[in-house]
Amino acid sequence: MNITRVKSFNGTVRVPGDKSISHRGIMLGSLAKGDTEIQGFLMGADCISSIECFKRMGVGIDTYSDTVIVHGKGLHGLRPPFGVLDVGNSGTTTRLMSGILAAQNFSSKIDGDASIRTRPMRRVIKPLSLMGADIESENGNGCVPLIISGRKLHGVHYNTPVASAQVKSAILFAGLYADGETTVTEPSCSRNHTELMFKAFGADIHSEGNTVTVKPAEELTAQLVQVPGDISSAAYFMVAAAITENSEITMKNVGINPTRDGILKVLTMMGADYDVRVKEHVEIEPCADITVRSSSLTGCEIGGDIIPTLIDELPVIAVLACFAKGQTVIRDAEELKVKESNRIDIMVENLKAMGADIEATDDGMIINGGKPLHGAEVDSYKDHRIAMSMCVAAMNADGDTTLKDAHCVKISYPHFYEDMLRLAH
Ligand code: S3P
């Protein structure tokens, strides 16, 4: 894709539904009794992978534009899957579904694309095994393909070394089926969508600080799930508005769960001009309309407990930092290396190619902002968040940029380029 400079961005955008919440809606809807209606569902490739996997286990799922009806089978109603469960590019499907499959009375096999075949799964295999699960990495490398032989599980208290909502959620899903309480303690608090949705569906779950405990469930009850816009998708528009002259973008109905709103704190630390109007009367998850305007930005330090609350936004925050005065330091973000791509190395490589002053560190990046960017050949490495971040950078650079494998945005935001272009002048 060829991308050139944009003069300004103006207007309103309704970003697609939250990816994390959409996945969880399919999974809990499948395990509940009754019909769950999911409104504002993200029809991106990752969430469609979740739909396809649960259909293969006998769950009836109807899709109408961005509304999905899941005809729940109950906690013990899944059927042995016909063939391999293909998770595509989706880490969330892989890890959360592993927790469910580990407790079924059948065996299953999970596989996915080249990227998912390199991502670390020992982080879920280990705690699930402590609960009695039988999970084998077929190639012995701790990655998919995974062969899961369902077993009776028992509750554990697991101290996870990484703050990961996917790990936490895999254990909590397994905990629904265990013979006693299951507790997870994290080093920092990761996104809590699973906890909120478990509660709404009637599971007995409570959190205190970084610790969450779930009791075994007898039954879950179908719910209406209203999915807010994904703050991770809104982030590209926030940054585009902040770094481009004469710009103002309003993002409608964006999820602002405090375990996900780190980007707003970064906008504040950098001195961005924005406001948030919180909506009343929402189910399960808080949301707001957010307006961001052209801003004079200053570099800042990003590290510690804030990292899990903005982990997926760090590639586009690196772009933001290129347009801030002074230095931005991102630390404690080594998890970026094991996302859909190594997001530290790739963002550094791409932004350097465009003339940015940016260096990789062991656990993040150091960016000296203020150097103008110029067009270059950049590569998404088929990582959707890299593609969208580099698009925002290219729209603020002199000359032409060629973005390789730009189409991968279909994973989380199929109409991203159309929405960006609609607001661009
Ligand atoms: C997700 C959790 C995060 C995030 C991913 C989605 C989820 O991963 O990066 O895009 O839906 O639980 P980790 O939990 O591994 O940090």
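Worth saying up front: this structure is predicted, and the values here are computed from it rather than measured.

Q: Any chance you could break down the sheet that holds strand 10 (residues 157-159) for me, citing the residues and the numbers?
A: Taken together, the four strands give an open sheet; going across it, the order is 10-11-13-12, and neighbouring strands pair in mixed fashion. Two strands in the sheet have a free side with no partner beyond their single neighbour: strand 10 and strand 12 (205-208). Each strand of the sheet is rotated relative to its neighbour by a mean of 15°, with strand direction disregarded. Two strands pair when backbone bridges link them, and strand 10 and strand 11 (residues 182-185) are joined in this way by three bridges, in the parallel orientation. Across the sheet, the residue bridging to asparagine 159 is threonine 185, located in strand 11. Docked against the sheet, helix 5 (residues 165-175) engages strand 10, strand 11, strand 12 and strand 13 (211-214), running at close to 170° with respect to strand 11. In the packing of helix 6 (residues 193-200) onto the sheet, contacts are made with strand 12 and strand 13, and the angle to strand 12 comes to roughly 145°.

Q: I'd like a description of the packing of helix 7 (residues 231-243) against helix 8 (residues 262-270), backed by residues and values.
A: The relative placement of two packed helices comes down to the angle between their axes together with the axis-to-axis distance. Contact geometry of helix 7 with helix 8 gives a least axis separation of 10 Å together with a crossing angle of 25°. By the angle between their axes, helix 7 is roughly parallel relative to helix 8. Only Ile263, Leu264 and Leu267 of helix 8 make contact with helix 7, whose side of the interface consists of Ile231, Ala235 and Met238. Residues that form the contact of helix 7 with helix 8 fall into these classes: six nonpolar, no polar and no charged.

Q: An account of the domain arrangement of the protein is requested, with residue identities and associated values reported.
A: Looking at the assigned domains, one finds that the protein contains domain 1 (2-16 + 228-423) and domain 2 (19-213 + 222-226). Spacing between the C-alpha centres of domain 1 and domain 2 amounts to 28 Å. Taken together, the contacts link 23 residues of domain 1 with 28 residues of domain 2. Both sides together, the interface formed by domain 1 and domain 2 hides about 2300 Å², and carbon and sulfur atoms give 52% of it.

Q: How would you sum up the pattern of salt bridges? Please name residues and give values.
A: Counted by the stated rule, this structure contains 27 salt bridges. With a closest N to O distance of 2.9 Å, arginine 151 and aspartate 134 form a salt bridge. One end of the pair, arginine 151, is in the loop between strand 9 (146-149) and strand 10; the other, aspartate 134, is in strand 8 (residues 134-137), and 17 residues separate them in sequence. Taking relative accessible area as the criterion, arginine 151 reaches 39% and is therefore assigned partly exposed. Aspartate 134 gets classed as partly exposed once you look at its relative accessible area, which sits at 29%. The shortest N-O distance in the salt bridge between glutamate 248 and arginine 293 comes to 3.4 Å. Here glutamate 248, found in strand 15 (residues 248-255), pairs with arginine 293, found in strand 17 (residues 287-293); they are 45 residues apart in sequence, far enough to count as distant.

Q: Give me the lowdown on unusual backbone geometry, citing residues and values where you can.
A: At the junction of valine 144 and proline 145, the peptide bond is cis and its omega measures out at 5° in the coordinates. In this structure, proline 145 sits in the loop between strand 8 and strand 9. Look at asparagine 246: it is not a glycine, yet its phi comes out positive at around 50°. For asparagine 246, the location among the structural elements is in the loop between helix 7 and strand 15.

Q: So what's going on with the site of the ligand? Residues and values would help.
A: Taken together, the residues surrounding the ligand are Lys19, Ser20, Arg24, Thr92, Ser164, Ala165, Gln166, Arg191, Ile311, Asp312 and Lys339. Between the ligand and the protein, one listed contact pairs an oxygen atom with a side-chain N or O atom of aspartate 312 at 2.6 Å. Contact between the ligand and lysine 339: an oxygen atom at 2.7 Å from a side-chain N or O atom of the residue. Relative to its free-state accessible area of 380 Å², the ligand is covered by the protein chains to the extent of 95%. Secondary structure elements with two or more residues in the shell around the ligand: helix 1 (19-31) and helix 5. Take the shell around the ligand: its biggest share by element is three residues, from helix 1. Here the residues of the shell around the ligand are counted per class, giving two nonpolar, four polar and five charged. Each of domain 1 (2-16 + 228-423) and domain 2 (19-213 + 222-226) accounts for three or more of the residues forming the shell around the ligand.

Q: Can you break down the nonpolar core residue by residue, with the values?
A: Counting 81 residues, the largest nonpolar core has Phe237, Met238, Met251, Leu351 and Phe416 as the members making the most contacts within it. The biggest single contributor to this core is helix 7, with 11 residues. Ala178, Met197, Phe198 and Ile205 belong to the second largest nonpolar core, which has 66 residues in total.

Definitions and limits used
- Residues numbered from 1 in each chain as written.
- Predicted model: local features only at pLDDT ≥ 70, side-chain atom pairs only at ≥ 80, totals over all residues.
- Heavy atoms only, no water.
- Pairing = 2+ DSSP bridges.
- Helix = DSSP H or I, 4+ residues; strand = E, 2+ residues; numbered from the N terminus.
- Axes fitted to C-alpha atoms, helices over the stretch in contact; angles between N-to-C directions.
- Contact = heavy atoms within 4.5 Å.
- Parallel < 35°, antiparallel > 145°, perpendicular 65-115°, else oblique.
- Nonpolar A, V, L, I, M, F, W, Y, C, P; charged D, E, K, R; others polar.
- Domains from an automatic or database assignment.
- Buried area = accessible area lost by both parts, 1.4 Å probe.
- Salt bridge = Lys/Arg side-chain N within 4 Å of Asp/Glu carboxyl O.
- Buried < 20%, exposed > 50% of the residue type's maximum accessible area, 1.4 Å probe, protein only.
- Near = heavy atom within 4 Å.
- Polar contact = N/O pair within 3.5 Å; in protein donor to acceptor, adjacent residues only side chain to side chain.
- Areas by Shrake-Rupley, 256 points an atom, 1.4 Å probe, with all protein chains shown as cover.
- Core = buried A, V, L, I, M, F, W, Y, C linked by side-chain atoms within 4.5 Å.

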